[in-house]
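Structural features, examined
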Amino acid sequence: MEGVTTLTIFQFSLIYLLLIIILFIMKSSKINQSKLLLVASIRMTVQLVIVGYILQYMFNNPKPIFTVIFLLVMIAFSIDRVIRNRKDLNNSFKIAIGASLALSGLFVLIFFVAVVVNKSIFNPQYTIPLAGMIIGNAMTGINIGIKTFMDSIKKERSKINTLLNLGVEPKDILKPFANNALETALIPTLNSMVGMGIVFLPGMMTGQILSGTLPVTAIMYQIAIMIAICASVCITVFLSLNLGYKSLYNDRKQFL
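Report on the accompanying structure. (Residues numbered from 1 in each chain as written. Predicted model: local features only at pLDDT ≥ 70, side-chain atom pairs only at ≥ 80, totals over all residues. Heavy atoms only, no water.)

Axis separation between helix H8 (residues 170-195) and helix H10 (residues 215-244) bottoms out at 10 Å; the angle between their running directions is 165°. When the axis of H8 is compared with that of H10, the two are roughly antiparallel. Crossing handedness for the pair H8 and H10: right-handed. For the pair H8 and H10, the contacting residues are Lys 175, Ala 178, Ala 181, Leu 182, Ala 185, Leu 186, Thr 189, Leu 190, Ser 192 and Met 193 in the first and Met 226, Ile 229, Cys 230, Val 233, Cys 234, Val 237, Phe 238, Leu 241 and Asn 242 in the second. Residue composition of the contact of H8 with H10, by class: 15 nonpolar, three polar and one charged. (Axes fitted to C-alpha atoms, helices over the stretch in contact; angles between N-to-C directions. Helix = DSSP H or I, 4+ residues; strand = E, 2+ residues; numbered from the N terminus. Parallel < 35°, antiparallel > 145°, perpendicular 65-115°, else oblique. Left-handed = near helix turned anticlockwise from the far one by under 90°. Contact = heavy atoms within 4.5 Å. Nonpolar A, V, L, I, M, F, W, Y, C, P; charged D, E, K, R; others polar.)

Below you can see the structure in the form of structure tokens.
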């Protein structure tokens, strides 16, 4: 089995020609997101190139402190992405989200690296890529969950007030909204798991096969990481919502 083919700068640059097709389709469909596409493509390229050089340095100098710093930056960025524009959340709810995302992501990551793979958690070759998939998907899941939860509350505000006036406990009112938001947040991950292997080959598995890893080994890693991602999303969203919604009412059972 051949190893991965090294791309020249010219070969790599050819992929950007596909952006022309995307821009043409967007223009013909009157989608006014051409600027966003260009900005997103440039930012993605710059960010990944920078991260690539950082990781290369870390792999050549595998010191625990570098791995810890990288993880902390990754977690801080993911938390910021979730709560930055959520002006409808109070500080207690935001703290619940941050704590849930950090603790759940680290728990699943440590279990995967230290127990399943049996490697040191400070090994950047394993920890950093796996952390990106686990924490990144948890960030996406909590974004979906929080949006669904808060939008549902706003939509059903009159119903909530009616139930409060009838003496229903606030937690009994909000719990179904939290459960529904959790279900919604899990759907993308579950759909990916259902279609994986038949509809598409996932990125991690494809990358390992291209690098020369045996397909059976790549499959085992992919199954393991998908279960880890699902667990991370589920735990993060569950804790965030169930800890967070309690901050929406006071001891007198009044919504804040």
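In the structure shown here, the tally under the stated rule is four salt bridges. Between Asp 88 and Arg 86 there is a salt bridge, with the nearest N and O atoms lying 2.7 Å from each other. Residue classification places Arg 86 among the buried positions, given a relative accessible area of 16%. Between Asp 88 and Lys 154 there is a salt bridge whose closest N-O contact spans 3.4 Å. Taken together, the residues Asp 88 in the loop between helix H4 (64-83) and helix H5 (91-116) and Lys 154 in helix H6 (residues 124-155) connect sequence positions 66 residues apart. (Salt bridge = Lys/Arg side-chain N within 4 Å of Asp/Glu carboxyl O. Buried < 20%, exposed > 50% of the residue type's maximum accessible area, 1.4 Å probe, protein only.)

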